[in-house]
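# Coordinate inspection notes
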Amino acid sequence: MNENMRKTDEWLQSFIDTEGAVAGTVHVNENGTLKLASAINIPETVRQIVAVVPNGKGMAGLALERGEPIHTCNLKEDASGAVKPGAKAVDAQAAVAIPVRDANGFIRAVVGIAFRGERSWSAEDLARLSASASALPATS
């Protein structure tokens, strides 16, 4: 594991712990395609499915496309089409995919975080999570 990957894994674990979540991912934006850089408590089968996420697909891809957090209060029961079947295999309910921008406003990554129980998301919750996610260390 290279130093950047180790730092990303450590940051993600800390982010999950601080937010009281149970699982998370970091996808790096490479020319409009998201590549999985870190995953904590994500089943291997799901890691394989989300290793590469096209713009506009699933929660992470929609966060990249829209430039705003994409959320659900229950992964397993979401019928919006934003939650793909692989995500429903994660042992969690509420989840948010958060775009992380660089100093120029370019979305450099999408951080996903999942929680054990259902929850509703206020604008304040999403703004706080976005501010926390912006501390993601450089991934390249």
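Residues numbered from 1 in each chain as written. Predicted model: local features only at pLDDT ≥ 70, side-chain atom pairs only at ≥ 80, totals over all residues. Heavy atoms only, no water.

## Observations regarding unusual backbone geometry
- A positive phi angle is found at asparagine 31, which is not glycine, with a value near 55°.
- Within the element layout of this structure, asparagine 31 appears in the loop between β1 (23-30) and β2 (33-40).
- Overall, asparagine 31 belongs to the exposed group, its relative accessible area being 82%.
- One non-glycine residue with positive phi stands out, namely asparagine 41, at about 60°.
- Accessibility expressed as a relative area gives 52% for asparagine 41, which makes it exposed. (Helix = DSSP H or I, 4+ residues; strand = E, 2+ residues; numbered from the N terminus. Buried < 20%, exposed > 50% of the residue type's maximum accessible area, 1.4 Å probe, protein only.)

## So, the sheet that holds strand β5 (residues 95-101)
- Read from one edge of the open sheet, six strands run β3-β2-β1-β6-β5-β4, paired in antiparallel fashion. The open sheet has two edge strands, β3 (52-54) and β4 (70-72), and neither has a second partner. On average, each strand axis in the sheet is inclined to that of its neighbour by 25°, with strand direction left out of account.
- Across seven bridges, the pairing between β5 and strand β6 (residues 107-114) is antiparallel. If you follow isoleucine 98 over to β6, its bridge partner there is valine 111.
- Helix α4 (residues 123-133) contacts β4, β5 and β6 of the sheet and is inclined by roughly 50° relative to β5. (Pairing = 2+ DSSP bridges. Axes fitted to C-alpha atoms, helices over the stretch in contact; angles between N-to-C directions. Contact = heavy atoms within 4.5 Å.)

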